[in-house]
Amino acid sequence: MPKIMPTRLELWDDSTSRWLFNDREQRALRHVDYNVQELISSACVSVGATGCTEMIKIAEGAYNKVFRLTFNNEQTAIARIPSTLMFGSGVSWATSSEVATLHLMCNYVKLRVPKVLAWAKDATNPVGSSYIILEDIAGVPLHHEWRLPDTRGEPVMKLVLAVCNNVARAAFLSYAHLGSLYFREDFPSRPPAPLLPEHYARQLPDFEASSTVGPIANVLWWRPFHDKAGFNRGPWDNIAECIRSAIALERRAVQRHREDPSSLCFTRSKIEDLDEVEHLLSKVEAMAPRIDAVFSTMNHPEWSTHGILVHPDLRANNLIVPPRTEDNIESRLAAPVVIDWQGASILPLPFQAHIPHVVAFEPTIFDSDGNPMISIDENEVSPLPPDIELSPEQRGLAEAERRRAARQAAFVETLSRLDQWKLLLTTGFFPDLFRPLFQGILRACADGPLGLRCLLMGIEQIWGNVHLWGPVPFSFTEQEREAHKREMKQSSLYEVRLQLLMDRLNCAEDGCVDKEQYETAMEELKKAKNEWMRKNVADRFHLRTVNGDSIYGKQDHYVESGWRSITATIQFEMLTIQRRQDSAVPGVT
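Reference entry: report on the structure contained in this document. (Residues numbered from 1 in each chain as written. Predicted model: local features only at pLDDT ≥ 70, side-chain atom pairs only at ≥ 80, totals over all residues. Heavy atoms only, no water.)

The next thing to look at is the overall build of the protein. In terms of regular secondary structure, the protein is built from 19 helices and 16 strands. In the protein, which comprises 589 residues, the share counted as buried stands at 53%. Counted over contacts in the protein with a minimum sequence separation of 6, partners at least 24 positions apart contribute 72%. Entry remark: accessible area of the protein is about 26800 Å², with carbon and sulfur atoms responsible for 52%. (Helix = DSSP H or I, 4+ residues; strand = E, 2+ residues; numbered from the N terminus. Buried < 20%, exposed > 50% of the residue type's maximum accessible area, 1.4 Å probe, protein only. Contact = heavy atoms within 4.5 Å. Areas by Shrake-Rupley, 256 points an atom, 1.4 Å probe, with all protein chains shown as cover.)

Turning our eyes to something else, we now look at a nonpolar patch on the surface. A surface patch of nonpolar side chains, amounting to about 230 Å² of accessible area, comprises Ile4, Ile56 and Ile58. Relative to the assigned elements, isoleucine 56 resides in strand S2 (residues 52–60). (Patch = residues over 30% accessible without salt bridge, like charges linked within 9 Å, V, L, I, M, F, W, Y side chains within 5 Å. Salt bridge = Lys/Arg side-chain N within 4 Å of Asp/Glu carboxyl O.)

Between helix H6 (residues 154–170) and helix H13 (residues 392–415), the least distance of the axes is 9 Å, while the angle of their chain directions is 40°. The orientation of H6 relative to H13 falls into the category oblique. As H6 packs across H13, the resulting crossing turns out to be right-handed. Between H6 and H13, the residues in contact are Val156, Met157, Val160, Leu161, Val163, Cys164, Val167 and Ala168 and Ala406, Arg407, Ala410, Phe411, Thr414 and Leu415, respectively. (Axes fitted to C-alpha atoms, helices over the stretch in contact; angles between N-to-C directions. Parallel < 35°, antiparallel > 145°, perpendicular 65-115°, else oblique. Left-handed = near helix turned anticlockwise from the far one by under 90°.)

A word on the packing of aromatic side chains. If you walk through the whole model with that rule in mind, you get 13 aromatic pairs. Note on tyrosine 108 and phenylalanine 207: the rings are 5.1 Å apart at their centroids and 40° apart in plane angle, and the pair reads as tilted. Taken as a pair, tyrosine 108 in helix H5 (residues 91–109) and phenylalanine 207 in helix H8 (residues 205–210) lie far apart in primary sequence, 99 residues in all. The exposure class assigned to tyrosine 108 is partly exposed, which follows from its relative accessible area of 27%. An angle of 10° between the planes, with centres 5.3 Å apart, marks the rings of phenylalanine 351 and phenylalanine 434 as stacked. Placement of the pair is phenylalanine 351 in helix H12 (residues 349–352) and phenylalanine 434 in the loop between helix H14 (419–426) and helix H15 (437–442), with a sequence separation of 83 residues. On the accessibility criterion, phenylalanine 434 (0% relative accessible area) is buried. Here the aromatic cluster, defined as three or more aromatic residues joined through ring pairs, consists of Trp221, Trp236, Phe351, Phe434 and Phe438. Looking at arginine 18, its charged tip hangs above the ring of tyrosine 518, at a distance of 3.9 Å from the centre. Directly above the aromatic system of tryptophan 222 lies the positively charged group of arginine 233, at a separation of 4.0 Å from the ring centroid. (Phe/Tyr/Trp six-rings, centres within 6.5 Å; stacked < 30°, edge-to-face > 60°. Lys NZ or Arg CZ within 6 Å of the ring centre and 35° of its normal.)

A few words now on H5. Across its 19 residues, H5 extends 25 Å between first and last C-alpha, which sits within 8% of the 27 Å expected from 1.5 Å per residue. Of all 19 residues in H5, 14 are buried; the element is thus mostly enclosed. Lysine 110 occupies a position one or two residues after H5 and carries a positive phi of about 65°. (Expected span 1.5 Å × (residues − 1).)

According to the stated counting rule, one finds 25 salt bridges in the structure shown. Through salt bridges with shared partners, a single network forms among Arg18, Asp23 and Arg27.

On to the sheet that holds strand S4 (residues 76–82). The sheet built from five strands is open, its strands ordered S2-S3-S4-S6-S5 with antiparallel pairing. Here the strands that pair on one side only, and so sit at the sheet edges, are S2 and strand S5 (116–120). The mean angle between the axes of side-by-side strands here comes to 20°, regardless of whether they run parallel or antiparallel. As judged from the seven bridges shared by strand S3 (residues 64–71) and S4, these two strands associate in the antiparallel manner. Bridging across to S4, lysine 65 finds its partner in isoleucine 81. Sheet strands touched by H5: S4, S5 and strand S6 (131–135). Its angle to S5, the strand with the most contacts, is close to 160°. (Pairing = 2+ DSSP bridges.)

What follows covers the sheet that holds strand S11 (residues 319–321). The three strands are arranged S7-S11-S12 in an open sheet whose pairing can be described as antiparallel. Looking at the sheet topology across the chains shown, the edges are occupied by strand S7 (140–141) and strand S12 (337–338). Inspection of the sheet shows S11 paired to S12 by two bridges, in the antiparallel sense. When the bridges of S12 are listed, leucine 319 appears paired with valine 338.

Bringing the nonpolar core into the picture now. Grouped together as the largest cluster of nonpolar side chains are 103 residues, with contacts concentrated most on Tyr175, Trp221, Ile243, Phe351, Phe411 and Ile441. When sequence neighbours within four positions are dropped, the list of residues in contact with tryptophan 221 reads Ile216, His226, Asn232, Arg233, Trp236, Cys242, Ser245, Ala246, Leu249, Phe438 and Leu442. (Core = buried A, V, L, I, M, F, W, Y, C linked by side-chain atoms within 4.5 Å.)

This part takes up the packing of helix H10 (residues 273–287) against helix H17 (residues 450–465). The N-to-C vectors of H10 and H17 enclose an angle of 30°; their axes lie 10 Å apart at closest approach. Our pair here, H10 against H17, has a crossing hand that is left-handed. Along its contact with H10, which presents Glu276, Leu280, Leu281, Lys283, Val284 and Met287, the element H17 presents Leu452, Arg453, Leu456, Ile459 and Trp463. The class makeup of the residues in the contact of H10 with H17 is eight nonpolar, no polar and three charged. (Nonpolar A, V, L, I, M, F, W, Y, C, P; charged D, E, K, R; others polar.)

What follows covers the pairing of S4. Consecutive side chains of a regular strand alternate in pointing toward one face of the sheet and then the other. Among the seven residues of S4, six are classified as buried, and the element is accordingly described as predominantly covered. With antiparallel pairing between neighbouring strands as the criterion, S3 and S4 make up a hairpin whose turn holds four residues, including glutamate 74 at a positive phi of roughly 70°. The pairing of S4 with S6 spans four bridges and is antiparallel. For isoleucine 78, the partnering residue across the bridge sits in S6 and is leucine 134.

A few words now on unusual backbone geometry. Note that the residue after glycine 234, namely proline 235, is joined by a cis bond; omega there is 5°. Inspection of the secondary structure puts proline 235 in the loop between strand S9 (211–214) and helix H9 (239–259). Although it is not a glycine, glutamate 74 sits at a positive phi angle of roughly 70°. Following the sequence through the fold, glutamate 74 ends up in the loop between S3 and S4. At lysine 110, a residue that is not glycine, the phi angle is positive and equals roughly 65°. With respect to the helices and strands, the residue lysine 110 is situated in the loop between H5 and S5. Residue classification places lysine 110 among the exposed positions, given a relative accessible area of 52%.

Written as structure tokens, this is what we have:
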């Protein structure tokens, strides 16, 4: 064993975080059993070493634990273990697809990505878990400096150009089916099917012969109440089939919630919301076959049947850049290495096109009327109002805001030079018309019907304004619109109150805090609750731990987690759920 090793907690559990809600369940979800010595042995073989001298945990999140291994031949490598319970039965697909995607990007698309040194797709190996051993990239994650005031000028524009280049090159290939990318050997009994349209297949015969499109690897399709064998998760011949499969999964979730209403305590939905979820899914179902016609009116009928592959989460912490020196200040951001391709999907361009998180602009400074002080109009960043009075510190913050807005404007302007992307920009698809649709469908029960309803109302409005698309395939009554306005107002109030409380507790949206801050945050939460109760006698505290029947531990369920998982413990309408005394996980508070 290495002389320097993580603790037992660091090896198998989340060692850096605690949760203010359902802490025991959240930590249990992130526990992974695997044979550490066998993982080290596999890594040693992959780098030609006879021993490992150091193993350090360098990162962990909801879905993975990441370690850096140093070997006795002075090489290093990265070992990544997925949190199996978070993926359910989709973990093997997620691993296999990511390895095939990295192979494509490295060997055919020629993007800068880490090389895969060794891997196993499931637990049927000596390690006892799915894993990937990756090349250790020398550098630092971009997020450490991306928002610093001195990150500006020409180096930033080089980074934006590199992001555009990565998006365009990854999306250059078109695939004959929709789903996710795999090696053909992952499907030994399946007859070979075309991977690429004929003109691409002739250019890349080796890739065509070794790879295929299989089930979609995005965790959305394998999350709670979807993690069931036998459902169609791809590959699909066209987008209508794909949408209908998502609808079928969510209808199954509705059915299971009806069978066990106590499971709704881990969602934003109430039992009466399930009728509306089904009603909204019917509207999506009516729209699905009409999307083909929409793409045809845009002279791109192939968008219905051919997919592209883009990075699923292009944010600053997934870009590795060289450490800063005096000699590379101008050049170091020009060629980042892109990591974490887990969950990459192959879908039509209008369902993939978006502004990556790393360059996306969200206003943070507003005037006295609540309007953003900085905005973007047709890729032009608005100047500061000439008559506004700002202190030097405020002006500095406003100028930093303008620079962040300029990053998005530059990205969109650069990408719009490509014909297909330009078409999206001029027809209302970009950045987010159809792309959030699967999130809306597959989280309709988990998040409540508001999100999907809001998305469909937006599609209805844009569809109605584009006469070439034909009649809108669904509609909302005036009564539904008025009810939606009232709920949106309530939702806005909820979000403001929630954000204020999260800021006070210094917690993330899933209730996560640094381990060292847990006791302090819990004390602050008690104070916040007591203050609320004194000031709002008629209204119960809008943030309270759930103690419903726990679905954790059942074979085909697991407690919802991830960036939206605080919805499992907070009622959307700002009411609380009383803890049930017969919880399946005793002692959770």
